[in-house]
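Structural characterization, general
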Amino acid sequence: MEKKKTKKVDRKDEIIRLKNVAKWYKAGDEIVKAVDGIDIVIHKGEFVAIVGPSGSGKSTAMNMVGALDIATKGDIFLDGINIEKLHESDLAQIRGRKIGFVFQTFNLIPTLTALENVMLPMVFQRVPYEDRVERAKELLGKVDLSHRLTHLPNMLSGGERQRVAVARALANNPEVILADEPTGNLDTKRGEEVAQMFNKLSDEGKTIILVTHDMYVAKHADKIYKLKDGKFVR
Amino acid sequence: MLRDFFVLGLNNLKRRKLRSWLTMIGIFIGIAAVVALMSLGQGLQNYISDEFEKLGSDKIIIQPKGMGPPGSAGGSLILTSKDLRVIKNVRGVEWAVGMLLKQGQASVGDEVGIGFASGLTPEDRKTLNELQGWGIIEGRNLKKGDKFKVVVGYNHIHKDIWDKPLRIGSKIKIEGHEFKIVGVMGKIGNPIDDGLLHVDKDVLKDILSVEDEESQIMVKTAPGFDTEEVADTIERKLRKSRGEREKQETFNVQTSEQLLNTFQNIFAVVQGVLVGIAAISLLVGGIGIMNTMYTSVVERTKEIGTMKAIGARNSQILLLFLIESGLLGLVGGLIGVAIGVGLAKSAEYLAGLYIGTPLLQASMDPVILVGALIFSFVIGTLSGILPALQASRLKPVDALRYE
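Computed from a predicted model, the values in this text were never measured in an experiment.

What to know about the overall build of chain B
- Along chain B, the regular secondary structure elements total 13 helices and 10 strands.
- What you see for chain B is a C-alpha radius of gyration of 31 Å, clearly larger than the 22 Å of a compact globule of 403 residues, by over 25%.
- C-alpha atoms of chain B, sized along the principal axes, occupy 100 × 50 × 35 Å.
- Scored against the burial criterion, the 403 residues of chain B give a buried share of 38%.

Section: the pairing of strand E1 (residues 14-27) of chain A
Residues and elements named next belong to chain A.
- Across 11 bridges, E1 lies against strand E2 (residues 30-43) in antiparallel orientation. Counted as the bridge partner of Ala27 is Glu30 from E2.
- The pairing of E1 with strand E4 (residues 73-78) spans five bridges and is classified as antiparallel. Its bridge partner being in E4, Lys19 is matched across the sheet by Asp75.

Some points on the interface of chain B and chain A
- Contacts between the two partners involve 19 residues from chain B and, on the opposite side, 22 residues from chain A.
- Among the elements of the structure, helix H1 (2-15), helix H10 (301-309), helix H11 (314-355) and helix H13 (396-401) of chain B are those that each provide at least two residues to the side of chain B that touches chain A.
- For the side of chain B that touches chain A, the element with the most residues is H10 of chain B, which contributes five residues.

Points about the nonpolar core
- With 117 residues, the main nonpolar core has Ile50, Val118 and Ile209 of chain A as its most contacted residues.
- Considering every element that reaches this core, the biggest residue donor is helix H2 (residues 17-55) of chain B, with 14 residues.
- If you look at the next biggest cluster of nonpolar residues, it comprises 23 residues, including Val152, Tyr154, Ile157 and Leu197 of chain B.

A few points about the confidence of the model for chain A
- Per-chain confidence: chain A averages 91 in pLDDT, with 95% of residues scoring 70 or above.
- A low-confidence stretch, residues 1-5 of chain A (pLDDT under 50), is modelled with five contacts involving residues beyond four sequence positions or located in other chains.

Examining the packing of helix H9 (residues 256-299) of chain B against helix H12 (residues 366-392) of chain B
All names here are of chain B.
- Where H9 contacts H12, the axes come no closer than 8 Å and their chain directions differ by 25°. In this view, H9 runs roughly parallel relative to H12, as classed from their interaxial angle. Regarding H9 and H12, the two cross each other, and that crossing is right-handed. Along its contact with H9, which presents Leu282, Gly286, Ile287, Ile289, Met290, Met293, Tyr294 and Val297, the element H12 presents Ile379, Gly380, Leu382, Ser383, Gly384, Leu386, Pro387, Gln390 and Ala391.
- Class assignment for the residues of the contact of H9 with H12 results in 12 nonpolar, five polar and no charged.

Topic: the environment of Thr72 of chain A
- Tracing the backbone through its elements, the reader meets Thr72 of chain A in the loop between helix H1 (58-65) and E4.
- Ignoring any residue separated from it by four or fewer positions in sequence, one finds Thr72 of chain A in contact with Ala22, Lys23 and Trp24 of chain A.

Rules used in this analysis
For every chain, the first residue of its written sequence is number 1, and the numbers climb from 1 along that sequence. Both sets of labels track the order of writing: A upward for chains, 1 upward for ligands. Only residues with pLDDT of 70 or above have their local features reported here, since the model is predicted, and side-chain atom pairs are shown and tallied only from 80 upward, although totals for entire chains, interfaces and linings are computed over all residues. Secondary structure counts use DSSP, requiring at least four H or I residues in a row for a helix and at least two E residues in a row for a strand, with both numbered from the N terminus. Within these notes, the globule rule equals 2.2 Å times the number of residues to the 0.38 power, and the radius of gyration is based on C-alpha atoms. Whether a residue is buried, exposed or partly exposed is read from the other C-beta atoms within 10 Å of its own C-beta, which are placed from the backbone; 20 or more gives buried, 12 or fewer gives exposed, and intermediate counts give partly exposed. The criterion for strand pairing is that DSSP finds at least two bridges linking the strands in question. Throughout, a pair of residues is in contact if the C-beta atoms placed from their backbones lie within 7 Å. In these notes, a nonpolar core means any group of buried Ala, Val, Leu, Ile, Met, Phe, Trp, Tyr and Cys residues linked to one another through C-beta atoms within 7 Å. Known as pLDDT, the predictor's confidence for each residue is given on a scale from 0 to 100. As a rule, the C-alpha atoms of each element are fitted with a line to give its axis, helices using only the stretch in contact, and angles between N-to-C directions run from 0 to 180 degrees. Should an angle lie under 35 degrees it is considered roughly parallel, over 145 roughly antiparallel, and from 65 to 115 roughly perpendicular; all remaining angles are considered oblique. Should the near helix be turned anticlockwise from the far one by less than a right angle, the crossing is termed left-handed; should it be turned clockwise, right-handed. All residues other than Ala, Val, Leu, Ile, Met, Phe, Trp, Tyr, Cys, Pro, Asp, Glu, Lys and Arg, Gly among them, are scored as polar; the first ten of these are nonpolar and the last four charged.

Below, the structure written as structure tokens:
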């Protein structure tokens, strides 16, 4: 664990708590314990990196925190709500409002322009059109893409695509940003740019969870947790 | 939000242009056929209703039993002048007209053809012509004592029934007897009436060696009498005078309204069968949409996962895909309606050009056109239900992981 800059994190203000969370899969006759009982508390405004080799269960853990997947056992509290007890439509609302996702493969909608991609999360939250356009332009400006509003994803470089994805993750002003290998498909320079963008967001008070196997990228975080065989290791 | 979903749906259809077009062909062929058939069928019904309206609801038509138009009933089932007299004596009958309509050979020079000849007495002819609004446009009508004079239908002079041009005073042979043309009827609009040869009833009987026959008797009910009741009385009296038993009559008594109903029922059945056949292609089109949507769901699994990750609820994914498949149906339907209208209008034009009949009128009833559009949207949406459900039920994490 490495201390960085001076940033105020209110220790009482917890946003994510995992209590003995496990995820088991059945693969043939074998039961694979992808995540095998982890506990973690993350506070508002923290920038946390979860590192580990592939197959260590870090993506699985992140999917459960992001309400994309349901734990086999244990409880996950997001902003005080136990999301393991919720139905899919409530989970969708939580994903839409409280969480912003950034993926390794960018996952932009290919038929939509950069601006429309950033607007999409707001469509699902029924934000009025004018507000959506304004907010999306503002966010794309923030990631230095004001000149790329009407470009389709396939007309953008990898780094630009990931910046659009970051802008999209911020669309509904979520409290938590979950990034799964966001630099995995970028060269070192672009990866560094994206990582610094997370630092900036963290400084603005966003809680960030970054999953990566790249220690250079992980070093941008306030705290680093290492995961191996579904368990945290020191 | 709905607007956004429509835009998203259209975007997705444009993304796979060729596939969208191919899918829509299935719908628009079906819709085009249904629209064309319904619009022509409707036009036909309108025409027949108009004709019956001209005839008036106070008419009763008596025909020998049998299928087909008057004059074609074969063999022993005939009406006679005795029947006509019986009918004339029924209370409530203002007048009764007996017409002889026969098919026979006609010739001009070396040319030989088959045509219908109508035989009426001059007074009866006058009554019927007035009733139907038929008139002479050239020459004169038949008079009492006109032997071997003929008034020809419009097409004999103004269309190409005969190669040799005919005019007033030309000769035409009917069953080997030479007739002189003294008049031409105005255009009526259907090839049978416009091809008729109008001659004196007695002369027609003579040359065809017909003893005593009425192909059809038309009755007008006197004012103040109920048409149905008069028709019942006629049926009863005729039965008695012809010595027939109830339900085994060899003749038919129908009021003009009953006749109209009979026609309309027949048309409804014929049209129903034709439209039903066309509708099968719509079913196939719907299955095409379903297939396309299933493919689309599989291809866009990851996209669906992404949308769920950024907050799309199952119901929103469902709606998105339903709108997309509905649009496939609707756009297909729009094209189909346009083609269907084009087909119906072409049929109307060609029928007018080659047969000279106004029977085929394409009716542009907005109910048919708008109904077809709504129907095609509904087909699209229904076909999309299963694929859309599949899309909406995908688990976000599985969908995201899909490659």
